[in-house]
Amino acid sequence: MKTLLRTLASLLLLAGLAALATVVWARHTGGFSARTTPSFLETALARYARSLAIPASAKSLPNPIVDSPQVQHEAMAHYADHCASCHANDGSGDTMYGNGLYPKPPDLRLAATQNLSDGELFFIIQNGVRLTGMPAFGAPNDEGSESWKLVRFLRHLPKITPTEVEEMNGMNPKSPDELQEEKQEQEFLNGSPAAR
Ligand code: HEC
């Protein structure tokens, strides 16, 4: 009985010390603020853990969608609508939401992302990444053709042109205020009396 109590007391003490260490560490490294950027070590460990969590069978899945200009265009519109708010039209991740997340969305054009297999990219889009801002876009049991098309578009991102980015600006979600503003601008350009 005495040993049990002693063990319990030591465990409680250890848990207390661990909690204290976490608080001291968190305060030292910027609290629980999402404004900071994870350290190199934290990013490397998180990516390694994520890689281990993706089944090998999923990683080696080939993309069943054949690439074509139409597939690229559909996926571009889908990306501009659902992904660009965090990842930016050019894939840089330099957006208001992206910059406020911890971890931040990586630059999708760089080797770290482009070296992931098609199956891995697909798995990440379908299932999201727990404890990060990356949402799961797949519905249970859906075969994921939209996500496979997005994988095709992600492969195009390193070569995206300013003209394509400009086209995507027109495909990004708009707030009612922005829509109203655009309408007024258009009316003004058309010389409508309502806008004068
Ligand atoms: C709400 C913000 C948000 C949205 C919307 C979002 N993502 Fe992400 N995404 C993230 C974050 C944050 C990460 C980093 C996850 C990590 O560190 O493991 C990420 C990671 C990824 C990765 C992994 C890249 C890598 O190298 O680790 C891919 C691929 C990706 N997103 C694709 C997409 C696609 C495609 C869409 C749209 C269908 C999308 N994301 C929408 C926030 C977002």
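Residues numbered from 1 in each chain as written. Predicted model: local features only at pLDDT ≥ 70, side-chain atom pairs only at ≥ 80, totals over all residues. Heavy atoms only, no water.

Trainee: Is there a simple way to think about a nonpolar patch on the surface in this case?
Mentor: A contiguous nonpolar surface patch, about 1,100 Å² in accessible area, is contributed by Met1, Leu4, Leu5, Leu8, Leu11, Leu13, Leu14, Leu17, Leu20 and Val24. Within the fold, Leu4 resides in helix H1 (residues 2-28). (Patch = residues over 30% accessible without salt bridge, like charges linked within 9 Å, V, L, I, M, F, W, Y side chains within 5 Å. Areas by Shrake-Rupley, 256 points an atom, 1.4 Å probe, with all protein chains shown as cover. Salt bridge = Lys/Arg side-chain N within 4 Å of Asp/Glu carboxyl O. Helix = DSSP H or I, 4+ residues; strand = E, 2+ residues; numbered from the N terminus.)

Trainee: What is the right way to read the packing of aromatic side chains from this model?
Mentor: A ring pair, where both rings are aromatic, is described by two values, the distance of the centres and the angle of the planes. What the rule picks out here adds up to two aromatic pairs. Taking 5.2 Å as the distance between ring centres and 55 degrees as the angle between the ring planes, the aromatic pair formed by Tyr79 and Phe153 counts as tilted. Remark: Phe153 occurs in helix H9 (residues 145-156) and Tyr79 occurs in helix H4 (residues 69-82); sequence separation between them is 74 residues. Phe153 matches Tyr79 in its accessibility class, with the two residues each being buried. (Phe/Tyr/Trp six-rings, centres within 6.5 Å; stacked < 30°, edge-to-face > 60°. Buried < 20%, exposed > 50% of the residue type's maximum accessible area, 1.4 Å probe, protein only.)

Trainee: Where do I start with H4 in this structure?
Mentor: An α-helical turn contains 3.6 residues, so a residue and the one three or four places further along point in the same direction. The end-to-end C-alpha distance of H4, which contains 14 residues, comes to 20 Å, matching closely the 20 Å that a straight helix rising 1.5 Å per residue would cover. Buried within H4 we find Val71, Gln72, Ala75, Met76, His78, Tyr79 and Ala80. (Expected span 1.5 Å × (residues − 1).)

Trainee: What's the story with the site of the ligand in this structure? I'm lost.
Mentor: Among the 24 residues in the neighbourhood of the ligand, the closest are listed as Cys83, Cys86, His87, Thr113 and Met134. Arg47 places a polar side-chain atom, nitrogen or oxygen, 2.9 Å from an oxygen atom of the ligand. Most atoms of the ligand, that is more than half of them, are within 2 Å of grid points of the largest pocket. Elements with a minimum of two residues in the shell around the ligand: helix H2 (40-53), helix H5 (84-87), helix H8 (118-127) and H9. By residue number, the principal contributor to the shell around the ligand is H8, which donates three residues. Counted by class, the shell around the ligand contains 17 nonpolar, five polar and two charged residues. (Near = heavy atom within 4 Å. Polar contact = N/O pair within 3.5 Å; in protein donor to acceptor, adjacent residues only side chain to side chain. 1 Å grid on protein atoms, 1.4 Å probe; cavity = no way out; pocket = protein on both sides within 12 Å on 5 of 7 lines; lining within 4 Å. Sits in = over half its atoms within 2 Å of the grid points. Nonpolar A, V, L, I, M, F, W, Y, C, P; charged D, E, K, R; others polar.)

Trainee: What exactly am I supposed to notice about the coordination of the iron atom of the ligand here?
Mentor: Every protein donor of the iron atom of the ligand is accounted for by His87 (NE2) and Met134 (SD), and the metal-donor separations fall at 2.0 to 2.2 Å. On the basis of relative accessible area, His87 is assigned to the buried category, the value being 13%. (Donors = N, O, S within 2.8 Å, 3.2 Å for Na, K, Ca; no water.)

Trainee: Got a minute to help me understand the layout of surface pockets in this structure?
Mentor: Picture a little ball the size of a water molecule; that probe, rolled over the atoms, points out where space is still empty. Of the pockets and cavities examined, the largest pocket occupies roughly 1,100 Å³. Taken together, 41 residues line the largest pocket, and the ones lying closest to its centre are Arg50, Pro103, Val129, Thr132 and Met134. Breaking the lining of the largest pocket down by element, the ones donating at least two residues are H2, H4, H5, H8 and H9. Counting residues per element, the lining of the largest pocket draws most heavily on H2, at seven residues. Among the residues forming the lining of the largest pocket, the class breakdown is 26 nonpolar, 10 polar and five charged. (Points joined across faces, edges and corners; volume = space filled by probe spheres on them.)

Trainee: For this particular structure, what's the right way to read the pattern of salt bridges?
Mentor: Close approach of charged atoms allows side chains with opposite charge to pair. Scanning the model with the defined rule gives six salt bridges in all. Residue Lys149 is joined to Glu74 by a salt bridge in which the shortest nitrogen-to-oxygen separation is 2.7 Å. In this pair, Lys149 sits in helix H9 while Glu74 sits in helix H4, placing the two residues 75 residues apart along the sequence. Owing to a relative accessible area of 14%, Lys149 belongs among the buried residues under this scheme. Close ionic contact of Glu182 with Lys174 constitutes a salt bridge, the shortest N to O distance being 3.7 Å.

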